[in-house]
Amino acid sequence: MAGKSGLLITGAVIVVLGVLALAVPIFTTKDTKELAKIGDLKVTAKEENTHVVPPFVGPAALILGVVLMGAALVRR
C-alpha cells in the first residue's frame with residue numbers, strides 16, 4: 001500500500017514542478033560572497049545568478065507526473 005501512495009505523491013510533486021517550470025522558466029537567485037576578512041572586518045559582495053529552465057523540462061515533467069499518478073491509480 002505504501003508503494004502505491006508513494007508513487008502517487010511522487011507523481012503529484014513532479015506535476016507541480018512541471019507547472020512551475022512552465023510558469024517561471026527564468027529565475028534569479030542572489031548569493032553573498034565573502035571577499036576578505038581582516039579581524040572583525042568583513043568585505044562581502046552580492047551576486048545575482050540567472051537560471052534558465054530548458055523549454056522541454058516543463059512539459060516532460062507534466063507528462064511523467066501524470067503517467068506516474070495514472071500508474072498508481074491503476075494498481076489500486
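- Looking at an unreviewed UniProt entry, one finds the protein chain named DUF3185 domain-containing protein and attributed to Nitrospirillum amazonense.

### Brief notes about the overall build of the protein chain
Item 1. Tallying secondary structure elements over the protein chain gives two helices and two strands in all.
Item 2. Secondary structure of the protein chain in N-to-C order comes out as α-β-β-α.
Item 3. The C-alpha radius of gyration computed for the protein chain amounts to 20 Å, which surpasses the reference 11 Å derived for 76 residues by more than 25%, pointing to a less compact arrangement than a globule.
Item 4. Expressed as lengths along the three principal axes of its C-alpha atoms, the size of the protein chain is roughly 65 × 30 × 10 Å.
Item 5. The burial tally for the protein chain puts 14% of its 76 residues in the buried class.
Item 6. In the protein chain, 60% of the contacts between residues at least 6 apart in sequence involve partners at least 24 apart.
Item 7. Taken together, the 8 basic and 5 acidic charged side chains of the protein chain have centroids lying 18 Å from each other.

### A word on a nonpolar patch on the surface
Item 1. A cluster of nonpolar side chains, contributed by Ile-9, Val-13, Val-16, Leu-17 and Leu-20, occupies part of the molecular surface with about 460 Å² of accessible area.
Item 2. The residue Ile-9 is located in helix α1 (residues 2-23) in this model.
Item 3. Accessibility expressed as a relative area gives 53% for Ile-9, which makes it exposed.

### Re the pattern of salt bridges
Item 1. Counted according to the given criterion, the structure contains two salt bridges.
Item 2. A salt bridge links Lys-30 to Glu-48, with the shortest nitrogen-to-oxygen separation between them at 4.0 Å. Residue Lys-30 is located in strand β1 (residues 26-38), and its partner Glu-48 is located in strand β2 (residues 41-52); the two are separated by 18 residues in the primary sequence. A single burial state applies to Lys-30 and to Glu-48, both of which are exposed.

### Quick word on the UniProt feature "transmembrane region" (unreviewed entry) in the protein chain
Item 1. Cross-referencing UniProt, the feature "transmembrane region" (unreviewed entry) maps to residues 7-27 and 56-74 in the present numbering.
Item 2. The straight-line gap between the two end C-alpha atoms of residues 7-27 is 29 Å; of that span, 81% is helix and 10% is strand.

### Here's the deal with the confidence of the model for the protein chain
Item 1. On average, the protein chain scores 90 in pLDDT, and the residues at 70 or more come to 95%.
Item 2. At the level of individual helices and strands, the protein chain shows its lowest average pLDDT in α1, which scores 89, and its highest in β2, which scores 94.

### Structural notes on the pairing of β1
Item 1. Bridge count between β1 and β2: 12 bridges; the pairing is antiparallel. Of the residues in β2, the one forming a bridge with Thr-32 is Lys-46.
Item 2. Linkage of β1 to β2, two consecutive antiparallel strands, is achieved through a turn of two residues, within which Gly-39 is found at a positive phi near 65°.

### A look at helix α2 (residues 57-75)
Item 1. Counted at 1.5 Å a residue, the expected span for α2 with its 19 residues is 27 Å, and the 27 Å between its end C-alpha atoms agrees.
Item 2. Along α2, the residues classified as buried are Gly-58, Ala-61, Gly-65, Leu-68 and Ala-72. Projected down its long axis, α2 shows its buried positions confined to an angular sector of 100°, all on one face. Facing away from the buried surface of α2 by more than 90 degrees, the exposed residues are Ile-63, Val-66, Val-67 and Val-74.

Scoring rules and cut-offs
- Residues numbered from 1 in each chain as written.
- Predicted model: local features only at pLDDT ≥ 70, side-chain atom pairs only at ≥ 80, totals over all residues.
- Heavy atoms only, no water.
- Helix = DSSP H or I, 4+ residues; strand = E, 2+ residues; numbered from the N terminus.
- Rg over C-alpha atoms; globule rule 2.2 N^0.38 Å.
- Buried < 20%, exposed > 50% of the residue type's maximum accessible area, 1.4 Å probe, protein only.
- Contact = heavy atoms within 4.5 Å.
- Lys, Arg positive; Asp, Glu negative; His and termini not counted.
- Charge placed at Lys NZ, Arg CZ, Asp CG, Glu CD.
- Patch = residues over 30% accessible without salt bridge, like charges linked within 9 Å, V, L, I, M, F, W, Y side chains within 5 Å.
- Areas by Shrake-Rupley, 256 points an atom, 1.4 Å probe, with all protein chains shown as cover.
- Salt bridge = Lys/Arg side-chain N within 4 Å of Asp/Glu carboxyl O.
- UniProt positions renumbered as here; feature names shortened; annotations may be inferred.
- pLDDT = per-residue confidence, 0-100.
- Pairing = 2+ DSSP bridges.
- Expected span 1.5 Å × (residues − 1).
- Arc of directions from axis to C-beta.

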